[in-house]
Amino acid sequence: MELLLKNANLIDASGERYGDIWIRDGKIAEVGKNLIRPGQSVNLAGKIVLPGLVDLHAHLREPGQEGKETIATGTAAAAQGGFTTICTMANTSPVIDTPLLVELVKLKAKAQGWVEVLPIGAITKGLEGKEIAELGLMHQAGAVGFSDDGNWVQNAHIAHNAMKYAAQWDLLLISHPEDSSLNADGVMNAGSLADRMGLKGADPVAEVVAVERDIILAESTGCRLHLTHLSTAGSVAAVRRAKARGVRVTADVTPHHLLLTEALCDSYNTMAKVNPPLRRQQDCHALLEGLLDGTIDAIATDHAPHKDEEKQTTFDAAPAGISGLEIAWPLLYAHLVETGRIPLATLVDKMTSGPRRVLGRELILAPGERADITVIDPMALAVVNPAEFVSMGHNTPVAGWKLAGLPVMTIVQGEIAMLNGKVGAGPAEQPVAQVG
Amino acid sequence: MVKDLLTLEALSAAELWELLKRGNYYRQRLDKGEKAGKELRGKTVANMFFEPSTRTRMSFELAAQYQGAHIINFTHQGSSLVKGESLLDTAWNIEAMAVDCMVIRHGTSGAVKQVADNVQAAVVNAGDGKHAHPTQGLLDILTIWRHKGRVEGLKVVIVGDVLHSRVARSNIQGLTKLGAQVVVTGPATMLPDAADWPVEVETDFDRAIDGADCVNVLRIQKERQEQGLFPSQKEYFKFWGVDENRLTRDILLLHPGPMNRGIEINGGAADGPNSAIFDQVTNGVAIRMAVLSLLNERGGH
């Protein structure tokens, strides 16, 4: 397929410029001004062209929980949200802890997925925290990182061995930092609100202790460590100190931990139940500061779809998680960029280059690079309407919130995966008359 | 050389060569079927094994018998140790029976030295904990020397659970003292902190074996998997197992035994043309004859 993107603002790690991009055979063939090339051409005047968004942390639930989400629907939600690449967590059923299961996810994604899927394998067999899984064989099968997400490897000896073992191939371990001995059955942030509501609190120190332990082990083993969904000011401070002394640690934060607080849990709103829990305003500030000063490398969705009826229960019984793939970018664009709290360049970095660097990748808008591209319409507005989600998970605490800077086109390896809010509306079906 | 053989670390290169040359002499005698030596006539050797062993115990027993010694065997099972006797009391009791030489294996590093320091008899370390197994080191080096014609300048790779291996430690000490280059390889979880060891550490087996003259394959104990040191036999074999495809050139293949076929080594390698595994066993008897006779001459007995 050939496609010429014309008159766009191009923003990537090398800066901002104006011009055209010619895509051919899945790659960026040419970048320039006033290009005239055979094939389709589309005018993107007023639009922003980015390297495709990357999500380091998504739960697509397949295999095993296809009632919540599938690889097909989850990747459609990703395309809708402007993501060209997503990393899928291993806590499916069965757990992705063997090379064969890594292959299965890849094959399924290739056949039915709308975006690139990079599987994450388990650190320990069955996420049980006991025996190291086949990290080497899974790596050869295509796992880009390893995580027991949902669980933390509680036993320090096992975690230490896993890091030693992973370091020999420079594998990436992704930690869900939560010391369960400090956080038994907490359902929301610990503190006065939880105590007033009569709910069991999840203490922020359970996260900070886990973050600090993992940093110490990473420092001693040389393992590449990524800490996912940081939620507390203490965690940000710990990562900042570790980076200052040269530890190979990276971190991400979710949109909901940047924007939302525990106050949303009041009235026992199960849509606001998530793990780690929504914290307090000072944590949101600290996370934002970490984003701005480089302590936090990436924004990841922790897309965690659940069935409607699963959330329609008591706060204690409801599953934790927020469905976030398709609104992550425009939600942050509306509430962080348009409000002037962070520059557009920061949001672009944290959702394109930042996560790629964590994975040891890079992509700029230049000839020869893979044509993974997201087109943003900075003028397009909407509100969050979970009923219209492409994801099977409608669980979000931000229904009715403003969205801005909507993704209007997602191009994955040169193929249009999403156009004007319709997934799969590529030129094979219709010509690209207008974008946005 | 003092009255005992506890480690190869304690020996000079000249002393190592003396033992190796004498081992080679006994190997030639064994090949001629000469098993009626008189070097140790009138002497008594006690085999004291506080840990299970078949090969090493039999090897010492035959080495003593082929030189005309009396030999008694002591095993942990059914002994007075079970009744609570200390290691030293056991050793003193055995010494009191006019024993000249004790061959001791014990599961605790340093235990054999403790006995040696407290008895008049000569003591040969047949393996103490994770610390040393000097006669295994010597028989491995003898095998390498006999096959390669030299030791100096050779590149020897030791693959497997080096961290827990007394065989690896003795090989490293002997080989490097004689001028060989030693590379240890295996999962990072099974490699020692070798900061002050004269070896290279490399987790990638293909890089480690590049240009090697010899590979010594250590036994992988299955319980190491439960201890979280490696994920599975399949993954271990894929990255650190020795099959015939890794032995493309004239790399000499050693294994101290007992082998776990299919885990650290496969049949194609163990039974193939590069293998000296059964030759090692014969050299084991020869080198133990050399050790026992030399200690006897040095007046330890």
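Residues numbered from 1 in each chain as written. Chains lettered and ligands numbered in written order. Predicted model: local features only at pLDDT ≥ 70, side-chain atom pairs only at ≥ 80, totals over all residues. Heavy atoms only, no water.

1. A word on the pattern of salt bridges
All names here are of chain A.
Consideration 1: According to the stated counting rule, one finds 39 salt bridges over all chains in the structure shown.
Consideration 2: Two residues, Asp 20 and Lys 6, come together in a salt bridge whose shortest N-O distance is 2.9 Å. Linking Asp 20 in strand 2 (residues 15-24) with Lys 6 in strand 1 (residues 2-12), this pair joins segments that are 14 residues apart in sequence. Note on accessibility: Asp 20 and Lys 6 belong to one class, buried.
Consideration 3: Each member of the salt-bridge network shares a partner with another, and the members are Glu 116, Arg 361, Arg 370 and Asp 372. (Salt bridge = Lys/Arg side-chain N within 4 Å of Asp/Glu carboxyl O. Helix = DSSP H or I, 4+ residues; strand = E, 2+ residues; numbered from the N terminus. Buried < 20%, exposed > 50% of the residue type's maximum accessible area, 1.4 Å probe, protein only.)

2. What to know about the pairing of strand 2 (residues 70-75) of chain B
Walk down a regular strand and you will see the side chains alternate between the two sheet faces.
Consideration 1: Pairing of strand 1 (residues 44-49) of chain B with strand 2 of chain B involves six bridges; the strand directions are parallel. Residue Phe 49 of chain B lies in a different strand from strand 2 of chain B, and its bridge partner there is Thr 75 of chain B. (Pairing = 2+ DSSP bridges.)

3. Describing the domain arrangement of chain A
Residue and element names in this part refer to chain A.
Consideration 1: Here chain A is partitioned into domain 1 (2-49 + 368-423) and domain 2 (52-358).
Consideration 2: Each of domain 1 and domain 2 was reduced to a C-alpha centroid, and the two centroids are 25 Å apart.
Consideration 3: With 36 residues of domain 1 in contact, the opposing surface of domain 2 contributes 46 residues.
Consideration 4: Contact with domain 2 buries surface across domain 1, with Met 392, Asn 395 and Pro 397 losing the most and accounting together for 22% of the total.
Consideration 5: In this structure, the connection of domain 1 to domain 2 is made through two salt bridges.
Consideration 6: Between Glu 338 and Lys 402 there is a salt bridge, with the nearest N and O atoms lying 3.2 Å from each other.
Consideration 7: Counting every contact that joins domain 1 to domain 2 gives 21 residue pairs in polar contact (both at pLDDT 80 or more).
Consideration 8: When contributions to the side of domain 1 that touches domain 2 are tallied by element, the ones reaching two or more residues are strand 16 (373-383), strand 17 (402-412), strand 18 (415-419) and strand 19 (422-423).
Consideration 9: With nine residues, the single largest contributor to the side of domain 1 that touches domain 2 is strand 17.
Consideration 10: Residues that form the side of domain 1 that touches domain 2 fall into these classes: 22 nonpolar, nine polar and five charged. (Domains from an automatic or database assignment. Contact = heavy atoms within 4.5 Å. Buried area = accessible area lost by both parts, 1.4 Å probe. Polar contact = N/O pair within 3.5 Å; in protein donor to acceptor, adjacent residues only side chain to side chain. Nonpolar A, V, L, I, M, F, W, Y, C, P; charged D, E, K, R; others polar.)

4. Concerning the sheet that holds strand 9 (residues 145-147) of chain A
Residue and element names in this part refer to chain A.
Consideration 1: Taken in spatial order, the eight strands of this open sheet run 6-7-8-9-10-13-14-15, and their pairing is parallel. The sheet is open, and its two borders are formed by strand 6 (53-58) and strand 15 (298-299), each paired with just one other strand.
Consideration 2: Both strand 13 (residues 224-227) and strand 14 (residues 249-253) contribute to a ladder of three bridges, which runs parallel. Considered in strand 14, the bridge of His 226 is made with Thr 250.

5. Looking at helix 1 (residues 13-31) of chain B
Residues and elements named next belong to chain B.
Consideration 1: Taking 1.5 Å as the rise per residue, helix 1 with 19 residues should run 27 Å; its terminal C-alpha atoms sit 27 Å apart, in good agreement.
Consideration 2: Those residues of helix 1 not exposed but buried are Glu 15, Leu 16, Leu 19, Leu 20, Arg 22, Gly 23, Asn 24, Tyr 26, Arg 27, Arg 29 and Leu 30.
Consideration 3: Of the surrounding elements, those touching the buried residues of helix 1 are helix 5 (134-148), helix 6 (166-177) and helix 11 (277-297).
Consideration 4: Of the residues one or two after helix 1, Gly 33 is the one with positive phi, at around 80 degrees. (Expected span 1.5 Å × (residues − 1).)

6. Concerning the interface of chain A and chain B
Accessible area lost upon the coming together of the parts is a frequently used measure of interface size.
Consideration 1: Taken together, the contact between chain A and chain B spans 16 residues of the former and 18 residues of the latter.
Consideration 2: Where chain A abuts chain B, roughly 1400 Å² becomes buried across the two surfaces, and 55% of that area is made up of carbon and sulfur atoms.
Consideration 3: When the buried area of chain A at its contact with chain B is split by residue, Leu 137, Tyr 165 and Gln 168 of chain A rank highest and sum to 35% of it.
Consideration 4: The interface formed by chain A and chain B holds zero salt bridges in total.
Consideration 5: Across the chain A-chain B interface, the total number found is eight residue pairs in polar contact (both at pLDDT 80 or more).
Consideration 6: Of all elements in the fold, only helix 3 (135-141) and helix 4 (156-167) of chain A reach the threshold of two or more residues within the side of chain A that touches chain B.
Consideration 7: Residue classes in the side of chain A that touches chain B are distributed as seven nonpolar, five polar and four charged.

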